Amino acid sequence: MQQSFPMNGGDGPHSYLKNSHFQRQATIVSRTMIEEAIAKKLDVKCFSSNPFRLADLGCSVGPNTFIAMQHIVEAVERKYLAQGLNSEMPEFQVFFNDHVANDFNTLFASLPTERRYFACGVPGSFHGRLFPESSIHFMFSSHALHWLSKVPEELLDKNSPAWNRGRIHYTSGPEEVSHAYAAQFEHDMEIFLSARAKELVVGAMIVLLIPALPNGIPASQSPFGVMFDVLGASLMDMAKEGLISEAEVDSFNLPIHLASPEQMTELVERNECLIIERMELVDPRSNLVGPINGKECAMFLRAVLEGVFAQHFGSGIIDQLFDRLSKKIMESSHQLESGNKEGTLLFVVLRRK
C-alpha cells in the first residue's frame, strides 16, 4: 500500500509555501541547464498537437513550481522561434500533480495571474500512470523522487537483519538497512520510468532534480545524512527523557532514499524507451551566502517532514522536536559545511525514443 507524505499546507509560519527557499535554489541553479537542454535536445518540429502539455510531478503547494513552469514555457517558446515556427506557436497547458492530500487549494489560490498557460490539477501518486498514452510533451520533477512509495517492510520486522532499531534512516545503519532502502527505490523508479515512457510523446523530454549522493560517498557524509542523523538523535533524546517511547522510534523510518548517478543510470538504461541526454551532480548551495542557519534549516525540514512525524508520534511533540533540531544543527554545522563538496542534487535530462 502506497503512503502519502504531503508538505505542510496553507500559508502559515510553518508552511511549505513560506519555507521552501532551499528547494528554490535548485530551480535557480538548474535554470540555465534546463534552457540548454530544451534549446539543444527538444525538437518541437516533431510535435503536431496543440496545446503543448507540461507536467510538474510532485509540485507541492508553490511557489517553486510556478517559477519552474514559467521558465520552461519561456524556453519552449524560444525553441519554436529558433526553429522558425513562429506561426505554429502553441498554447500551453500545465498539469500540477501531487498526492491527493496535497494542499491544492493553496496551490491554485496562489497561481500567478499573468501566467502564460492553462492550469490543471492531477491528484495521484506518480508511482503509477497519471496521463493518457503519448499525451505529454515535457515533464518536470524537483525534490520529489527521493520519496519512497512506502517504508521497506523489512525495517519493521524485529526478526530481520534490516530491523532499524534506534535509527530513523539508513544513514548510519548496517548494510542490510541500506540495501532495503535501495531495493525499494529501484522498485519505485522502475514503475515511475515505465509510466512516464508511456505518457510521453515520442521526442518529449523529462527533467528531474533529485537529492542524491556522489558515487561511492556514504550517506553519513552528505548534508542530508547529517540532518537525518541529527533528527534521529533528537528523537532518541526525547525517548530517554520519557517524552516518547523508544519503541516508537524503533518503528519509525524516513521514507527517503538518496540515489547516486550510477544507480540512476542503471535504472534508466533498464527502460529501453528513455535516453539519458544529460546527468550530473550540482550544488544548490552554491548561491547561498553565509554560514548555515540552524533555525532556517529546521524550519525547512519542518515544512517538509512535519506531517510524517506527526502521523507517527502525534502533533504534540512537533514544536519541541524541531526546536531541538535547530540547536543540534548549529552544533553540527561544521559537518554540514565541510562534508561532501561534489554536489547534493542530481540533474537528469531524459528523452523519449
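None of the values given here were measured: they were computed from a predicted structure.

Engineer: Explain the overall build of the chain to me, and be specific about the residues and the numbers.
Structural biologist: A count of helices and strands for the chain gives 10 helices and 7 strands. For the chain, the C-alpha radius of gyration of 20 Å lies close to 20 Å, the compact-globule estimate for 353 residues. Along the first, second and third principal axes, the C-alpha atoms of the chain reach 70 × 40 × 35 Å. Scored against the burial criterion, the 353 residues of the chain give a buried share of 56%. About 14,900 Å² of surface is accessible on the chain, with carbon and sulfur atoms providing 50% of the total. Side chains of the chain carry 31 positive and 42 negative charges; the gap between the two charge centres is 4 Å.

Engineer: Lay out the pattern of salt bridges in plain terms, naming residues and giving numbers.
Structural biologist: Going through the model one piece at a time under the given rule, you end up with 19 salt bridges. Taking the shortest distance from any N to any O, the salt bridge between R116 and E74 comes out at 3.6 Å. With a gap of 42 residues between them, R116 in the loop between α3 (104-109) and β3 (118-123) and E74 in helix α2 (residues 64-82) connect regions that are remote in the sequence. A salt bridge links R278 to E280; its shortest N-O distance comes to 2.7 Å. Each of R31, E35, E74, E77, R78 and R116 takes part in salt bridges that share partners, so that together they form one network.

Engineer: Can you explain the pairing of strand β5 (residues 200-211)? Please cite residues and give values.
Structural biologist: Walk down a regular strand and you will see the side chains alternate between the two sheet faces. Taking burial as the measure, the 12 residues of β5 include 11 buried ones, the bulk of the element. As paired strands, strand β4 (residues 136-142) and β5 are joined by 6 bridges and run parallel to one another. Residue pairing across strands places I136 opposite L200, the latter belonging to β5. A crossover connection joins β4 to the parallel β5 through helix α4 (residues 175-199); in handedness this β-α-β unit is right-handed. Here β5 pairs with strand β7 (residues 345-352) via 7 bridges, running antiparallel. Pairing of I206 across the sheet is with L350, part of β7.

Engineer: How would you summarise the sheet that holds strand β1 (residues 52-57) if you had to cite specific residues and measurements?
Structural biologist: The strands making up a sheet associate through hydrogen bonds between their backbones, and the pairing can be parallel or antiparallel. Across the sheet, 7 strands lie side by side as β3-β2-β1-β4-β5-β7-β6; this open sheet has mixed pairing. Here the strands that pair on one side only, and so sit at the sheet edges, are β3 and β6 (274-282). Sheet twist, expressed as the mean angle between neighbouring strand axes with direction ignored, is 15 degrees.

Engineer: Could you give an account of helix α7 (residues 261-270), naming the residues involved and the relevant values?
Structural biologist: Every buried residue of α7 is accounted for by P261, Q263, M264, L267 and V268. Buried residues of α7 fall within an arc of 160 degrees about the axis and therefore sit on the same side. Projecting away from the buried face of α7 at angles above 90 degrees are the exposed residues E262 and E269. Looking at the buried side of α7, the elements it contacts are α4, β5, β6 and β7.

Quick notes on the rules
Residues numbered from 1 in each chain as written. Predicted model: local features only at pLDDT ≥ 70, side-chain atom pairs only at ≥ 80, totals over all residues. Heavy atoms only, no water. Helix = DSSP H or I, 4+ residues; strand = E, 2+ residues; numbered from the N terminus. Rg over C-alpha atoms; globule rule 2.2 N^0.38 Å. Buried < 20%, exposed > 50% of the residue type's maximum accessible area, 1.4 Å probe, protein only. Areas by Shrake-Rupley, 256 points an atom, 1.4 Å probe, with all protein chains shown as cover. Lys, Arg positive; Asp, Glu negative; His and termini not counted. Charge placed at Lys NZ, Arg CZ, Asp CG, Glu CD. Salt bridge = Lys/Arg side-chain N within 4 Å of Asp/Glu carboxyl O. Pairing = 2+ DSSP bridges. Right-handed = clockwise from strand over helix to strand, strands pointing away. Axes fitted to C-alpha atoms, helices over the stretch in contact; angles between N-to-C directions. Arc of directions from axis to C-beta. Contact = heavy atoms within 4.5 Å.

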